[in-house]
Every structure is written in C-alpha cells, then in structure tokens.
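Spelled out from the first residue to the last, the chains are:
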Amino acid sequence: MIKFDQVSKRYPGNYETLKRISFEIEQGDLVFVTGASGAGKSTLLKLIAGLERPTSGTVLINSQNVSQLKAAAIPYLRRQFGLIFQDHKLLYDRNCYENVVLPLNINGIIGEDAAKRVRAALDKVGLLDKEKAMPITLSGGEQQRLAIARAVVSRPAFLIADEPTGNLDENYAAEILEFLYAFQQVGVTVIIASHEVPKHLPPEIASSIKVLHLQHGELV
Amino acid sequence: MSLWLTQHQQPLKLVIGRMRNNLMATLLMFCVIGVTLCLPAILYTVVDNLSRLTGGVESKPQISLFLKLDASNKTEIEAQLKKHADIASFEFVSKDDAWSKMQQDKNTADAAASLEKNPLPDAFYITPKKVSPDNMARLQEEMQKWDGVELAQVDANWVKRLDTILKLGKKAVFVLLVLLGFALITVIGNTIRLQIMTQREEIEVSKLIGATNPFIRRPFLYAGVLYGLGGGLAALLILTLVTLLFNFSVAEIADLYASNFRLHLPNGSSILVLLASATGLGWLGSYFAVNRTLAQFENL
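Throughout, residues of each chain are indexed from 1 in the direction in which the sequence is written. All chains are assigned letters beginning with A, and all ligands numbers beginning with 1, in the order in which they are written. Totals for whole chains, interfaces and linings use every residue, but because this is a predicted model, local features are given only for residues with pLDDT of at least 70 and side-chain atom pairs only at 80 or more, for both listing and counting.

Take the overall build of chain B next. The helix count covers DSSP runs of H or I at least four residues long, the strand count covers runs of E at least two residues long, and both are numbered beginning at the N terminus. Regarding its fold elements, chain B presents 10 helices and four strands. Across chain B, helices and strands are ordered from the amino to the carboxyl terminus as α-α-β-α-β-α-α-β-α-β-α-α-α-α. Restricting the calculation to C-alpha atoms gives the radius of gyration, and the globule rule supplies 2.2 Å times the number of residues raised to the power 0.38. Against the 2.2 N^0.38 benchmark of 19 Å for 300 residues, chain B shows a C-alpha radius of gyration of 31 Å, more extended than a compact globule. Counting only C-alpha atoms and orienting by the principal axes, one finds that chain B spans roughly 105 × 40 × 30 Å. Counting over 300 residues, chain B shows a buried share of 24%. At a minimum sequence separation of 6, the contacts of chain B that also span at least 24 residues come to 86%. Counting other C-beta atoms within 10 Å of a residue's C-beta gives its exposure: the residue is buried at 20 or more, exposed at 12 or fewer, and partly exposed in between, where C-beta atoms are placed from the backbone. It is the C-beta atoms, placed from the backbone, that decide contacts: two residues are in contact if theirs lie within 7 Å.

Each helix and strand in chain A was counted, giving seven helices and 10 strands. Its C-alpha atoms give chain A a radius of gyration of 17 Å, within 12% of the compact-globule value 17 Å for 220 residues. If one aligns the C-alpha atoms of chain A with their principal axes, the spans along those axes are about 45 × 40 × 35 Å. With 220 residues in all, chain A has 41% of them scored as buried.

Bringing the interface of chain A and chain B into the picture now. At the interface, 14 residues of chain A touch 14 residues of chain B. Sorting the residues of the side of chain A that touches chain B by element identifies α2 (74-78) and α3 (96-106) of chain A as the ones contributing at least two each. Just so you know the grouping, Ala, Val, Leu, Ile, Met, Phe, Trp, Tyr, Cys and Pro go in nonpolar, Asp, Glu, Lys and Arg go in charged, and all remaining residues, Gly too, go in polar. Residue composition of the side of chain A that touches chain B, by class: nine nonpolar, two polar and three charged.

Okay, the domain arrangement of chain A next. Residue and element names in this part refer to chain A. In terms of domains, chain A is made up of domain 1 (2-80 + 157-219) and domain 2 (92-155). Distance from the C-alpha centre of domain 1 to the C-alpha centre of domain 2: 23 Å. Every contact between the two is made by 10 residues of domain 1 and, on the other side, 10 residues of domain 2. Here the side of domain 1 that touches domain 2 takes five residues from helix α6 (residues 170-185), the largest share from any one element. Residues belonging to the side of domain 1 that touches domain 2 are distributed by class as follows: seven nonpolar, one polar and two charged. Throughout, the edges of the domains are those of an automatic or database domain assignment.

It is worth spelling out unusual backbone geometry at this point. All names here are of chain A. With phi around 45 degrees, asparagine 62 is a residue other than glycine that occupies positive phi space. Note that asparagine 62 resides in the loop between β4 (56-61) and β5 (64-65). You can call asparagine 62 exposed: it has 12 C-beta atoms within 10 Å. Positioned with a positive phi, serine 63 is a non-glycine residue whose angle comes to about 60 degrees. Relative to the assigned elements, serine 63 resides in the loop between β4 and β5.

One nonpolar core equals one set of buried Ala, Val, Leu, Ile, Met, Phe, Trp, Tyr and Cys residues connected by C-beta atoms within 7 Å. Grouped together as the largest cluster of nonpolar side chains are 64 residues, with contacts concentrated most on Ala149, Leu159, Ile160, Leu180 and Ile191 of chain A. Counting residues in each nonpolar core, the second largest holds 30 residues, with Leu184, Ile185, Ala223 and Ala235 of chain B among its members.

This part covers the pairing of strand β9 (residues 209-215) of chain A. Residues and elements named next belong to chain A. Note on pairing: DSSP must find at least two bridges between two strands before they are called paired. Where strand β3 (residues 30-34) meets β9, five bridges bridge the pair, whose relative direction is parallel. Bridging across to β9, threonine 34 finds its partner in histidine 213. Relative to strand β10 (residues 218-219), β9 is paired through two bridges, and the arrangement is antiparallel. Looking at the pairing, glutamine 215 lines up with glutamate 218 of β10.

As a further point, take the environment of serine 89 of chain B. Turning to its location among the elements, serine 89 of chain B is positioned in strand β2 (residues 87-93). Here the alpha-carbon distance between serine 89 of chain B and tyrosine 125 of chain B, two residues 36 residues apart in the chain, equals 8.5 Å.

What follows concerns the packing of α3 of chain A against helix α5 (residues 140-152) of chain A. Residues and elements named next belong to chain A. Note on geometry: axes are C-alpha line fits, over the in-contact stretch for helices, and angles between N-to-C directions span 0 to 180 degrees. Where α3 meets α5, the axes come as close as 7 Å, and the angle between the chain directions of the two elements is 30 degrees. Considered as vectors, α3 and α5 are oriented roughly parallel to each other. α5 is crossed by α3, and the crossing has right-handed handedness. Residues Cys96, Asn99, Val100, Leu102 and Pro103 of α3 touch α5, and the partners they reach there are Leu146, Ala149 and Arg150. For classification purposes, angles smaller than 35 degrees are called roughly parallel, those larger than 145 roughly antiparallel, those between 65 and 115 roughly perpendicular, and all remaining angles oblique. In this scheme the crossing of two helices becomes right-handed for a clockwise turn of the near helix relative to the far one and left-handed for an anticlockwise turn of less than a right angle.

Let us look at the sheet that holds β4 of chain A. Residue and element names in this part refer to chain A. Taken in spatial order, the four strands line up as β2-β1-β4-β5 in an open sheet, and their pairing is antiparallel. Edge positions in the sheet fall to β2 (16-25) and β5, since each of these pairs with one other strand and no more. As paired elements, strand β1 (residues 2-10) and β4 share five bridges and run antiparallel to each other. Looking across to β4, one finds that serine 8 is bridged to serine 56. In the packing of helix α1 (residues 41-48) onto the sheet, contacts are made with β1, β2 and β4, and the angle to β1 comes to roughly 125 degrees.

Our focus in this paragraph is the packing of helix α1 (residues 2-21) of chain B against helix α9 (residues 213-256) of chain B. Residue and element names in this part refer to chain B. It is the contact of α1 with α9, at a shortest axis distance of 9 Å, that shows an interaxial angle of 60 degrees. By the criterion of interaxial angle, the relationship of α1 to α9 is oblique. Relative to α9, α1 is oriented so that their crossing is right-handed. On the side of α1, the interface is formed by Pro11, Leu12, Leu14, Val15 and Met19, while α9 contributes Arg218, Pro219, Tyr222, Ala223 and Leu226. Across the contact of α1 with α9, the residue classes tally to nine nonpolar, no polar and one charged.

Residue and element names in this part refer to chain B. Topologically, alanine 295 is positioned in the segment after α10 (268-294). The exposure class of alanine 295 is exposed, given the 10 C-beta atoms found within 10 Å. Residues alanine 295 and asparagine 213, 82 residues apart in the sequence, show an inter-C-alpha distance of 9.7 Å.

Note: interface size is frequently given as the accessible area lost on complex formation between the parts. Split by domain assignment, chain B resolves into domain 1 (2-56 + 160-297) and domain 2 (63-155). Inter-centroid distance (C-alpha atoms) of domain 1 of chain B to domain 2 of chain B is 53 Å.

A few words on the sheet that holds strand β7 (residues 158-162) of chain A. Residues and elements named next belong to chain A. One open sheet accounts for six strands, arranged β6-β7-β8-β3-β9-β10; its pairing is mixed. Each edge of the open sheet carries a strand with a single partner, namely β6 (81-84) and β10. Pairing between β7 and strand β8 (residues 189-194): five bridges, direction parallel. What sits directly across from phenylalanine 158, in β8, is threonine 189. Most of the contacts of α5 go to β6, to which it runs at about 165 degrees, and overall it touches β6 and β7.

As structure tokens, this is what we get:
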C-alpha cells in the first residue's frame, strides 16, 4: 500500500514541483498518473519509488515512512519496485541476459537460480531467443520489453513505468501496455505515468483503473 | 555465509572478466606498478646481501688479546677462553714464536735486529661467534678486565663503518619505498577513478534498482587489489631477473677475491612482504578513489 499525505516537493532554487498531494494506492491497483509535461508526473513516481524524499508531508510505503528511513535502508526499499523508464536505461555494453540479471545480482542471487528467473522473465516478454543479443541491436519496442523483463525479474510488489510508450509507435505502445496489464492481473501494483489514459483499454481492466491527474503540481 | 561468499565472489569474477577484456591495458598497469616497486626491492636486495657479507667474509674480525710480559696465568686464560660461550675459536702465539717470525720476515728483520731482546708479549687471537659490532665491543671490554691481560684490541673498525653505511642504505630503501608507495597510490587511484567514470551509467542504473553502496564499491576495490597483486608479481619477476643478471658480474668480482659470494634471490618472507605491500598499496589507492568519486552518486 502506498499513502501520500500532504506531500510537497521543492527542488533547490525552483518553484514547488508538487503541492500538498494526498492519495492512496491499494495493493494490486492499476494506476495512471496523467498530466502535461512538467506537471510533476516524474517527480511523483520518484517519490513513490524512494528515488527522492519529500520536502514536506509523509510518504508511507507498506506503512514505512520514507522520510524517516536511514540512507542505508533506501536501497532495500527500492528493491520492492520494478522501474521502467522512458529512455529504457539499459546498459549497452552488456547483452540482454546480463541486463536482466543485474537486479538479481544486486539481491545476491546468482548462478542457476538467477539464470532460471532471467529466462522466465525474457520468455514472458517474448525475448527468450535474444538472450545473447546486445540491446543496441533490438528495436525500440524490444528494448522497452527488455526493460520490462529487467523490472519484473526480481518479482517486485510494485511496477512503476514512467512514460513507457512515449517513444514508441501505436502498435508497439499497445503491446507494451498489455504486458503491464498482465502483471496487474497477477496481483502486482502497476503505476504508469503518461500524458493521458490510453484510449483502447481492454474491458476487464477499464473498470478497475485509478487515475491521478496532475496539473501544475496539484492533483485535480 | 553463502551470501557473504556470493557478495565477494561475484564482483571478483566481474573484475577478472573486465581485466581479461582489456588485457593489454591491464598488463601495462602491472608493468608500471612492477617497475616502480622493483626499484626499492633491488636496492633492498643489494643492502641485504652486503649485510650478509659482513657476517660471511673469510677474514673474520678478531680480537687480539696481548698478555702482560710477566703474566703467569696463561693456562688459566686458555681454559677460560675454551669455556666461553661466545667464542668460536682462538689461536695462541707465544712470544718466542712471534719473535722468530719477526726475525725471519724480510720486512721486519732489520727492526728486530736492532732490538736487544724480545719485546713481544704472548698473545691470543680470538674469533668470536657473533661479529656484530656490539658483541665485539662487549667481549673486548670483558677480556680487558681479566687478570694478566695487557690489552684486548678489536681489529674490526671496518665492520662498524660498513654497518653504518648499511644502516644508511636501509634508510634510503625506506624513504624510497614511502615516496614510490605514494606515487603508486596516486597512479592506481587515478586508474580506478577513470574506470568509475566510464561505468557511470551502470552505477546510476544499479543505484536506481536498489544496489547498496558496498555493492557498487566492491568491484572497484577488488580491481585495486588485483592491480596491486599483479604489480607485485611483476616486480618479483623483474627483481629475480635483475638479480640473476647481476650475479654474472658479482661472480667475476667475487672470484677475484677468492670468495664464493653471490646475491641471494628473494626468499619466502621477502616475497611475502613484497606481495603484501603491493596488494596493500593497490587497495589503498582504490579505496581513496572510490570514496572520493562515488560520493557524488551517493545522494541519488
């Protein structure tokens, strides 16, 4: 469960990016964070994933107060999240397998255990045959799928995607979203930032989505 | 336990893999460290061998014990010398023997002829077990007090001089080691810093998905340690080759002095010290670099 209470974020020498935001996300929700560029979507996601700390207010993640966590505890908080970025943030000097195995290694899982889980994740996104390929040889959609595989390989409770389809054409975008919906169907909390809620939502999820619409740093 | 093992095995494998991929650069790094380290190591070998020389030369320093002309306790002194724990051997030369030698020797025969009677005393020539200057001085002092002894004389001033020079040499080794050690820390630190820069992206991504700071530091620390160890091995190789090369010339000189003196190759403990200090310097260099350079990522 994620709970924001009167959360503000101000960067040094800047106006308030987020102004007194309050909301709750339940386990297993599918949440869209929408709004124009600069409305504060990315900042909101960073606060959720423990990449930033709020200037004021409280952020509770599984009833842990992020502001009160010690610096050494932050990495363990982040491991509960699978992150997908608009620019993928893949490592281009490693092949697909090595990219996906990174979160497992960080968790201290190596060897055969890790290999099984990496192959399962690659299989889920349809890239099992590209295991040895370098990411640069993949198409944009495939790279984003690889990023999804990396985000889910350590079976996080939350999946956070910051404009995952921003650089993709419509077909690829729909495909990516379907992967994300599939994880929500098995109980993962999925949070997606995008300009607007996608038009063609499958009927089984259209009823269950939550929308947080941001305008100039405020929820409307 | 197994988690701990994994945490260390994994970065080690990663670093060895990276080093293998940049084999030329890695070997070059080993060479730089090796050459730097072998300078003090060679100097140390020379000094160390010379100090062995002071103990091992054939004309060992002796103590000459001249008895009083009227001394009657020659046999007692001889017994005392036999019992003494610090004395390796001694030789007695009676005044008559010395006198006849002096008369026979061409150089001293004239001087002997001008003397009316034998002025020479009985004498013992003593070779102590330990020839260190301290020991010699102590023995000399002790014997000087014995009854019937006119003069106990150490003919070992050169031992003292050589010893002083060797002490100076040891100091020089130490100073050189400290200075070059500092240079090595800087060189290794800089290399590690550059590696951190080229892996910036990877560090950032790892931080985002929950890597702890130790997880990120470990591969770089291991890289430093491995550079040090590789450099130490290179230094050892160079040192061995140089010693063998020197020994050709040393053998020629030693033969002229009818000595079988040779430079000794580094032994177990000096190999250990060399490798340990190289590894330590590598670790130190990378530790400083990692601390300074990774600080900028740590508020991420």
